[in-house]
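As a plain string of letters, each chain reads:
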Amino acid sequence: VLASLPLQVMLYFNVYYFPVWCLAEGMMLQLKYHLLPWHYQFLLVTAYLILSLAEGSRLYLCYLGNLQEK
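Everything quoted here is computed from the prediction, not taken from an experiment. (Residues numbered from 1 in each chain as written. Predicted model: local features only at pLDDT ≥ 70, side-chain atom pairs only at ≥ 80, totals over all residues. Heavy atoms only, no water.)

Turning next to the overall build of the chain. Each helix and strand in the chain was counted, giving 2 helices and 0 strands. A compact globule built from 70 residues should have a C-alpha radius of gyration of about 11 Å, whereas the chain, at 16 Å, is more than 25% larger. Based on the C-alpha atoms only, the size of the chain along its principal axes is roughly 50 × 20 × 10 Å. Burial status across the chain gives 14% buried among its 70 residues. Considering only residue pairs separated by 6 or more positions, the chain has 71% of its internal contacts joining residues 24 or more positions apart. In the form shown here, the chain has an accessible surface area of approximately 5,800 Å², with 76% of it arising from carbon and sulfur atoms. (Helix = DSSP H or I, 4+ residues; strand = E, 2+ residues; numbered from the N terminus. Rg over C-alpha atoms; globule rule 2.2 N^0.38 Å. Buried < 20%, exposed > 50% of the residue type's maximum accessible area, 1.4 Å probe, protein only. Contact = heavy atoms within 4.5 Å. Areas by Shrake-Rupley, 256 points an atom, 1.4 Å probe, with all protein chains shown as cover.)

Looking now at helix α1 (residues 5-33). Relative to the 42 Å expected for 29 residues at 1.5 Å per residue, α1 spans 41 Å between its end C-alpha atoms, a close match to the ideal helical length. For α1, the principal kink sits at Tyr17 and spans about 30°; a proline, Pro19, occurs within the next four residues. Those residues of α1 that sit buried are Gln8, Leu11, Phe18, Cys22 and Leu29. In the core, the buried residues of α1 are packed alongside α2 (38-67). For α1, the N-terminal cap is Ser4; the gap from its side-chain oxygen to the backbone nitrogen of Leu7 is 3.4 Å. (Expected span 1.5 Å × (residues − 1). Bend = angle between axes of the 7 residues up to and from the residue. Polar contact = N/O pair within 3.5 Å; in protein donor to acceptor, adjacent residues only side chain to side chain.)

So, about the packing of aromatic side chains. Here the structure, examined in full by the defined rule, presents 4 aromatic pairs. With a centroid separation of 6.1 Å and an interplanar angle of 15°, the aromatic rings of Phe18 and Trp21 are classed as stacked. Taken as a pair, Phe18 and Trp21 lie in helix α1 at a separation of 3 residues, close to a single helical turn. Taken together, the aromatic side chains of Tyr12, Phe13 and Tyr16 make up a single cluster linked through ring pairs. (Phe/Tyr/Trp six-rings, centres within 6.5 Å; stacked < 30°, edge-to-face > 60°.)

The following block contains the structure:
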């Protein structure tokens, strides 16, 4: 089984667009943070951190897995 070229291309672009998404999402979170009640503030920050960590680890594992044909 060979590495998937279309998957590698999509991962390549996703690796470059992921920091842009993190920056944009972080800026939007900062702009509306003080307008929300405390429980929504907590939920938004928690969701942002979990999604960022999950996406970063997914990209890392997919990138290595595709190149090593696993």
